[in-house]
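Structural characterization, general
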Amino acid sequence: MSEALSPEQLEKLREVDSPTISNAIETFAVRDDFEGYCGPEIACIFPTMDPVIGYAVTATIENVPPGGDKNRARRFDFFQALEDSPKPAICVFKDISENPRRASQWGEVMTTTVKSLGAVGVLTDGVIRDINEIQEIGGVQFFAPGICVSHGSLQMVDVNVPVEISGCTIEPGDLLHGDLNGILKIPHEISGQLLEGVKKIRESEGTMLKKMKPLSLIHISEPTRRYAISYAVFCLK
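Residues numbered from 1 in each chain as written. Predicted model: local features only at pLDDT ≥ 70, side-chain atom pairs only at ≥ 80, totals over all residues. Heavy atoms only, no water.

Digging into the packing of helix α3 (residues 72-84) against helix α4 (residues 108-116)
We apply this condition: The convention used is that axes are lines fitted to C-alpha atoms, helices contributing only their stretch in contact, and that angles between N-to-C directions extend from 0 to 180 degrees. Only runs of H or I of at least four residues qualify as helices and only runs of E of at least two qualify as strands under DSSP, and these elements are numbered from the N terminus. Residues are treated as being in contact if the distance between any of their heavy atoms lies within 4.5 Å. Only Asp, Glu, Lys and Arg are considered charged, only Ala, Val, Leu, Ile, Met, Phe, Trp, Tyr, Cys and Pro nonpolar, and every remaining residue, Gly among them, polar.
Contact geometry of α3 with α4 gives a least axis separation of 9 Å together with a crossing angle of 35°. Counting all contacts with α3, which are made through F78, F79 and L82, the residues of α4 involved are M110, T113 and V114. Class assignment for the residues of the contact of α3 with α4 results in 5 nonpolar, 1 polar and no charged.

Some thoughts on the pattern of salt bridges
As a reminder, the rule being used: Between Lys or Arg on one side and Asp or Glu on the other, a salt bridge is scored when a side-chain nitrogen of the former is within 4 Å of a carboxyl oxygen of the latter.
The full count for this structure, using the stated rule, is 5 salt bridges. The salt bridge involving R14 is made with E11; its shortest N-O contact spans 2.8 Å. You can see R14 and its partner E11 sitting in helix α1 (residues 7-14), 3 residues apart, about one turn around the helix. Across the pair D77 and R74 runs a salt bridge, and its minimum N-O distance is 3.2 Å.

Things to note about the nonpolar core
A general trend in soluble globular proteins is that nonpolar side chains are found buried together. So the rule is basically this: Think of a nonpolar core as a cluster: buried Ala, Val, Leu, Ile, Met, Phe, Trp, Tyr and Cys residues, connected wherever their side-chain atoms sit within 4.5 Å. Relative accessible area decides the class of each residue, using a 1.4 Å probe on protein chains only: under 20% of the type maximum gives buried, over 50% gives exposed, and in between gives partly exposed.
The biggest cluster of nonpolar side chains holds 27 residues, and the ones touching the most others in it are F78, L82, C91, F93, W106, V114 and F142. Taken together, the elements giving at least two residues each to this core come down to β2 (52-63), α3, β3 (89-95), α4, β5 (119-124), β7 (141-144) and β9 (154-159). Residues within four places of V114 in sequence aside, it is in contact with F78, F79, L82, C91, W106 and A119. In this structure, I21, I53, L184 and V198 belong to the second largest nonpolar core, which totals 16 residues.

Considerations on the environment of C91
Position of C91 relative to the elements: it lies in strand β3. Along the backbone, C91 and G118 are 27 residues apart, and their C-alpha atoms lie at a distance of 10.0 Å. Setting aside residues no more than four positions away along its own chain, C91 makes contact with V57, F78, L82, W106, V114, A119, G121, V122 and L123.

Observations regarding α4
As a reminder of what qualifies: An arc is given here, and it is the one of the directions from the helix axis to the C-beta atoms.
Of all the positions in α4, only M110, T111 and V114 are classed as buried. Mapping the buried residues of α4 onto a view down its axis gives an arc of 100°, with all of them on the same face. Residues of α4 that are exposed and angled more than 90 degrees away from the buried face: V109 and S116. Against the buried residues of α4 lie α3, β3, β4 (104-106), β5, α5 (131-137) and β7. Of the residues one or two after α4, G118 is the one with positive phi, at around 100°.

Regarding unusual backbone geometry
Looking along the chain, the bond that leaves K87 and enters P88 is cis, with omega of -5°. Residue position: P88 is located in the loop between α3 and β3. Within the chain, A29 stands out as a residue other than glycine whose phi angle is a positive 50°. Position of A29 among the secondary structure elements: in the loop between α2 (18-26) and β1 (43-44). With a phi close to 55°, D130 is a non-glycine residue in the positive phi region. Inspection of the secondary structure puts D130 in the loop between β6 (127-128) and α5. Taking the relative accessible area as the measure of exposure, D130 reaches 25% and is therefore partly exposed.

Notes on the sheet that holds β4
Stated formally: Criterion used throughout: strands pair if DSSP finds at least two bridges between them.
Taken together, the 3 strands give an open sheet; going across it, the order is β4-β6-β8, and neighbouring strands pair in parallel fashion. Edge positions in the sheet fall to β4 and β8 (146-147), since each has one partner strand and no second. Of the pairings in the sheet, the one linking β6 to β8 comprises 2 bridges and is parallel in character. Pairing of V127 across the sheet is with G146, part of β8.

Structure follows, in structure tokens:
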């Protein structure tokens, strides 16, 4: 992992919406435009919360049969990894069960614990519960495919290993940014320059929107109309 950003840099990036972060990353041409983010099956559970940013602490988890070994010691390994991680942190859980999403990985107790260790968010392709209680705890955003009433029986398998969540490969220490639009990975090699990319995106979009909002594309000159449509096509690329 590259050198961590300063608290000031992280806070400025946190204040930006995730689609603008995504657009800004594209301007650096450091990865394919279809990589580095989770798909629509991963939803933001608390869409009224502010954006979050943090360094990934990863784990894999799976269902175990009744009476099976829950490997509780491995959970302490995860909590230690979270405590040792740069802050803020985002917990990333991969459900590797043969029958995934049948047992909730996250609820009031786990959320309280990871918040006390510096986590501001959770990303999982498993499920969560205790929604009201998590809202009351506050300060921890969740990105997950859904909710399940029961915790079933789970064990933690591996800690701080590469995982894949909804098409996005995440390594321990990766910098993640998310809001109600979804969650993505910020490449370390351009993270220190990303605010400049955000500025350029806002300036270019602001200029075009300022021209387009007062106008009808039907009742403007042909050159202006073509310019406006061409920019919209560029944005859709």
